[in-house]
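# Coordinates in review
Here is how the chains run, residue by residue.
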Amino acid sequence: MPEGTPASATRRDELLAIAARLFAEKGFKNTTVRDIADAAGILSGSLYHHFDSKESMVDEILRTFQEELFGQYDQILAGDLDPLAKLEQAVLVSFDAIDQHHDEVAIFQNDAAYLLTFDRFAYLADRNRQSREVWLTLLRNGIDAGVLRDDLDLELTYRFIRDTVWVAVSWYRPGGRRTQTEIARQYLSILLEGIHRG
C-alpha cells in the first residue's frame, strides 16, 4: 500500500501506538523490532515498510507528543488568565497529558537519559530546558503579582512541582478511581496551601 494514503497512515498510527505501549512497559532498550512486529501481528521486515528503525518510531512518538504539550504551555503563558490561574492550568494540562498520553510520558520519564546519548535526541534536552523555563516563568509571575510567597526558592519549587506531577505516571492509570482532573485538583490544593499567600 503506498505511503501517505489514509489506510497506510492509519496503520502507521496503529504501529506507533503498539510501539509506544511496549516502550512504556518494557523500556526502549529492552523492546526489539521483533517485539513490535509480533504485537502487531506482522513480520519484522514488514515494519521496515513504515519505519527504518525503532529509534525513528520513538522519535516520532516523543516529538508529536511534546509539540502538542508545549503548544498548550505556550497558550497558557500567552493567555489572559491571572498568574495563579495560569499555574493551575499548567498543572491541569500536565495531568491531562499523563492521562491522554500515558505511554509517551512514561517513555520520556524512563528513557530520556538513555535517548540523550544519541545525537538525534538532543532536542529532548532542549525540551527539558523549555519545561524548566515554563514553570519558572509561572512561579515568577505569581510572586510578582503577590499571589505566591516571595521567599520561595524558585529552583526547588520548580523541581518539586516537576517531580510530583510527572512521577505520577508511574502509578496513575487512565480510567481509575479518580480522574486526572480530580487528582490535579488534589495536587493543587496541597501545593497552594503551602505557597499561596492568603
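Note: the structure precedes this text.
Here is a short report on the structure shown in this document. (Residues numbered from 1 in each chain as written. Predicted model: local features only at pLDDT ≥ 70, side-chain atom pairs only at ≥ 80, totals over all residues. Heavy atoms only, no water.)

Burial of nonpolar side chains together is a common tendency in soluble globular proteins. Ranked by size, the top nonpolar core spans 61 residues in total, and within it Phe 23, Met 57, Tyr 73, Ile 98 and Trp 135 carry the most contacts. Mapped by element, the contributors of at least two residues to this core are helix 1 (6-26), helix 2 (33-40), helix 4 (54-78), helix 5 (83-100), helix 6 (102-115), helix 7 (123-144), helix 8 (154-166) and helix 9 (180-195). Excluding residues within four positions of it along the chain, Trp 135 makes contact with Tyr 73, Leu 87, Ala 90, Val 91, Ser 94, Tyr 158 and Ile 161. (Core = buried A, V, L, I, M, F, W, Y, C linked by side-chain atoms within 4.5 Å. Buried < 20%, exposed > 50% of the residue type's maximum accessible area, 1.4 Å probe, protein only. Helix = DSSP H or I, 4+ residues; strand = E, 2+ residues; numbered from the N terminus. Contact = heavy atoms within 4.5 Å.)

Inspection of every chain in the model, using the stated rule, returns 13 salt bridges. The partner of Arg 12 in a salt bridge is Glu 60, with the nearest N and O atoms 2.7 Å apart. Taken together, the residues Arg 12 in helix 1 and Glu 60 in helix 4 connect sequence positions 48 residues apart. Residue Glu 60 is classed as partly exposed on the basis of its relative accessible area, which comes to 27%. (Salt bridge = Lys/Arg side-chain N within 4 Å of Asp/Glu carboxyl O.)

Before going further, it helps to examine the environment of Gln 66. The topology assignment puts Gln 66 in helix 4. Taking the C-alpha atoms as reference, Gln 66 lies 14 Å from Ala 122; in sequence the two are 56 residues apart. With residues up to four places along the chain from it excluded, the contact list for Gln 66 reads Phe 108, Tyr 123, Leu 124 and Arg 127.

The next thing to look at is the packing of aromatic side chains. A full pass over the atoms with the stated rule returns 8 aromatic pairs. Look at Phe 118 and Phe 121: their rings are 6.3 Å apart centre to centre, the planes differ by 80°, and that puts the pair in the edge-to-face class. Accessibility expressed as a relative area gives 27% for Phe 118, which makes it partly exposed. Judged by relative accessible area, which is 0%, Phe 121 ranks as buried. (Phe/Tyr/Trp six-rings, centres within 6.5 Å; stacked < 30°, edge-to-face > 60°.)

Our focus in this paragraph is helix 4. Taking 1.5 Å per residue as the helical rise, helix 4 with its 25 residues ought to reach 36 Å, and the 36 Å between its terminal C-alpha atoms agrees with that figure. With a side-chain oxygen positioned 3.4 Å from the backbone nitrogen of Glu 55, the residue opening helix 4 is Ser 53. (Expected span 1.5 Å × (residues − 1). Polar contact = N/O pair within 3.5 Å; in protein donor to acceptor, adjacent residues only side chain to side chain.)

For Ile 98, the location among the structural elements is in helix 5. On the accessibility criterion, Ile 98 (0% relative accessible area) is buried. Separated by 68 residues in the primary sequence, Ile 98 and Trp 166 place their C-alpha atoms 7.6 Å from one another. Residues within four places of Ile 98 in sequence aside, it is in contact with Val 105, Val 165, Trp 166, Ala 168, Val 169 and Tyr 172.

Residues three or four positions apart in an α-helix share a direction because the helix packs 3.6 residues into each turn. The first and last C-alpha atoms of helix 7 sit 31 Å apart over 22 residues, in line with the 32 Å expected at 1.5 Å per residue. Looking only at helix 7, the buried set comprises Tyr 123, Leu 124, Arg 127, Ser 131, Val 134, Trp 135, Leu 136, Leu 138, Leu 139, Gly 142 and Ile 143. On the buried face of helix 7, the contacting elements are helix 4, helix 5, helix 6 and helix 8.

Within the fold, Asp 99 resides in helix 5. Within the buried core, Asp 99 has no salt-bridge partner, and the shortest N-O distance to an opposite charge, that of Arg 173, equals 10.0 Å. Discounting chain neighbours no more than four positions away, the residues touching Asp 99 are Tyr 172, Pro 174 and Gln 180. (Lys, Arg positive; Asp, Glu negative; His and termini not counted.)

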